[in-house]
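# Secondary and tertiary structure notes
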Amino acid sequence: MKDFFDRGFDDKTSIKLGLYEKYLTEFLGVWVALSPKDRKTTEIDIYDFFAGPGIDVNQAPGSPIVAFEVIQKFAERLASSGQKVRLWLSDNHKKRVTSLKSVFSDKSKWPKNTSIEIHEMEFGDALDANRHRLGKTPALIFADQFGVKCITPDVFRDLITFKATDLIFFISSWTLNRFTEHEHIAKYHQGIGDYLKNAKPEHIHRMVKEYYQSLVPAGCDYHLAPFSMKKKGNIHGIIFGTSHISGMRKFLKVAWDIDSERGEADFDIDNDQLIGDSPQMDLIGDDRAPKKIEVFQEELKSAILEGRLKNDKAVHEFSIFSGFWPTKHAKPIIQELYKSGALLIEGGGVRLSDECCKAPRRFTLPEQ
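Residues numbered from 1 in each chain as written. Predicted model: local features only at pLDDT ≥ 70, side-chain atom pairs only at ≥ 80, totals over all residues. Heavy atoms only, no water.

Its place among the elements puts Arg86 in strand S2 (residues 84–91). A polar contact of 3.1 Å, which involves the side chain of Arg86, links it to the side chain of Tyr47. (Helix = DSSP H or I, 4+ residues; strand = E, 2+ residues; numbered from the N terminus. Polar contact = N/O pair within 3.5 Å; in protein donor to acceptor, adjacent residues only side chain to side chain.)

Looking now at the sheet that holds strand S4 (residues 139–143). Here we have 7 strands laid out as an open sheet, ordered S3-S2-S1-S4-S5-S7-S6, and mixed in their pairing. The sheet terminates laterally at strand S3 (114–120) and strand S6 (223–231), the two strands that pair on one side only. The mean angle between the axes of side-by-side strands here comes to 10°, regardless of whether they run parallel or antiparallel. Examined bridge by bridge, S4 and strand S5 (residues 165–171) share 5 bridges and lie parallel to one another. Across the sheet, residue Ile141 finds its bridge partner in S5, namely Leu167. Against the sheet, helix H11 (residues 245–258) touches S5, S6 and strand S7 (234–242), its axis set at about 20° to S6. (Pairing = 2+ DSSP bridges. Axes fitted to C-alpha atoms, helices over the stretch in contact; angles between N-to-C directions. Contact = heavy atoms within 4.5 Å.)

Positionally, Lys291 belongs in helix H12 (residues 291–305). Judged by relative accessible area, Lys291 falls into the partly exposed class, the value being 41%. Between the C-alpha atoms of Lys291 and Asp270, which are 21 residues apart in sequence, the distance is 7.1 Å. (Buried < 20%, exposed > 50% of the residue type's maximum accessible area, 1.4 Å probe, protein only.)

Now for the environment of Asp91. Looking at where Asp91 falls in the secondary structure, it is placed in strand S2. Residue classification places Asp91 among the buried residues on the basis of a relative accessible area of 3%. As for Asp91 and Thr137, which are separated by 46 residues in sequence, their C-alpha atoms are 22 Å apart.

It is worth spelling out the pairing of S6 at this point. Within S6, 7 of the 9 residues are buried, which leaves it mostly tucked inside the rest of the structure. Of the pairings in the sheet, the one linking S6 to S7 comprises 9 bridges and is antiparallel in character. Bridge pairing in S7 places Ala225 opposite Phe240. Here S6 folds back onto S7, and the loop between the two strands holds 2 residues, one of which, Lys232, carries a positive phi near 50°.

A few words on the nonpolar core. Judged by nonpolar contacts, the single largest core of 63 residues is most densely connected at Tyr20, Leu24, Phe104, Val315 and Ile334. A per-element tally of this core places helix H3 (residues 63–80) first, with 8 residues. Sequence-distant contacts of Ile334, that is, excluding residues within four places in its chain, are made with Ile304, Val315, Leu343, Ile345, Val350, Leu352 and Phe363. Counting 35 residues, the second largest nonpolar core, distinct from the first, contains Tyr47, Val155, Leu167 and Leu215. (Core = buried A, V, L, I, M, F, W, Y, C linked by side-chain atoms within 4.5 Å.)

Here we take up the pattern of salt bridges. The tally for this structure, following the rule as stated, stands at 23 salt bridges. Residue Asp257 pairs with Lys253 through a salt bridge whose shortest N-O separation is 3.4 Å. Placement of the pair is Asp257 and Lys253 together in helix H11, with a separation of 4 residues, close to one helical turn. Residue classification places Asp257 among the exposed residues on the basis of a relative accessible area of 52%. For Lys253, a relative accessible area of 35% gives the class partly exposed. Linking Glu306 and Arg308 is a salt bridge whose minimum nitrogen-to-oxygen distance equals 2.9 Å. (Salt bridge = Lys/Arg side-chain N within 4 Å of Asp/Glu carboxyl O.)

Below is the structure:
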């Protein structure tokens, strides 16, 4: 059987790499924008633990080159403020590592203030080799594993303990669903079957995300977001994880840019059949909102009227961690309640941008 990289990247791999590129651009963009007084460190780490050879058989760029080119885009500005980037690339396959070293052999072409480390290592060994930095230096981990066996519950619980570290990992959700009872799956992902047994095929990756969210210990402020991809009827995808709301904002921007209807998939995940999903739907003049948005807005309205969301900051956070834009998806609901008199807002007016987190405005229900 041909190696994955010898077959050439398909369109799903391109989507995955595009998502990684866009998020990394957002990630480094934040560091460029930070003022010196807000910068707690001048070092940034980017980890690619399943780096592959750097290119496929058709010379299409893989994740290492994607990262290299994004770093290059910001290199001058990062260097001018004294910030350093460390790109760690590792793989457990000798041939791939040899190719990687060849791709990056000319150090004169490396971006300013950037070091590139290339290692032939198993994932677990590579992780252990960086424990002295993880959690101390701001980092992004990209773990494009093959299959399901590397990001186990124990490994996941370990990864989420690292402070200032965002996580993007791929998982073959259809494999978990198809082989739930297999001893190999049961060994590494005990309990996953409870999340998948009643899930619709299109929602498998959503439920895999819920499974991982259930692994986050109580009291740990760590949030996940999925992005599903469909290939020949099989569902797999990316799971993003962060302990900071700004990280989730950046990921949602990328996800909604790719999927403007639902921010979650490269297909009609809820079978809404909206105009944007098919040119034929233009003929009927359908202007419905996606089911996902309608459900969120109903949940938001209930949470406000029941007194569970007591200010605009709470609404902002509820929206982001539910996978929605506060200013686009939550604001219409707040405006409706405010204009109807069902909701009073301290200071008057509706605002749900990032600024509301710095000085929240209190909500009051008239009957209270």
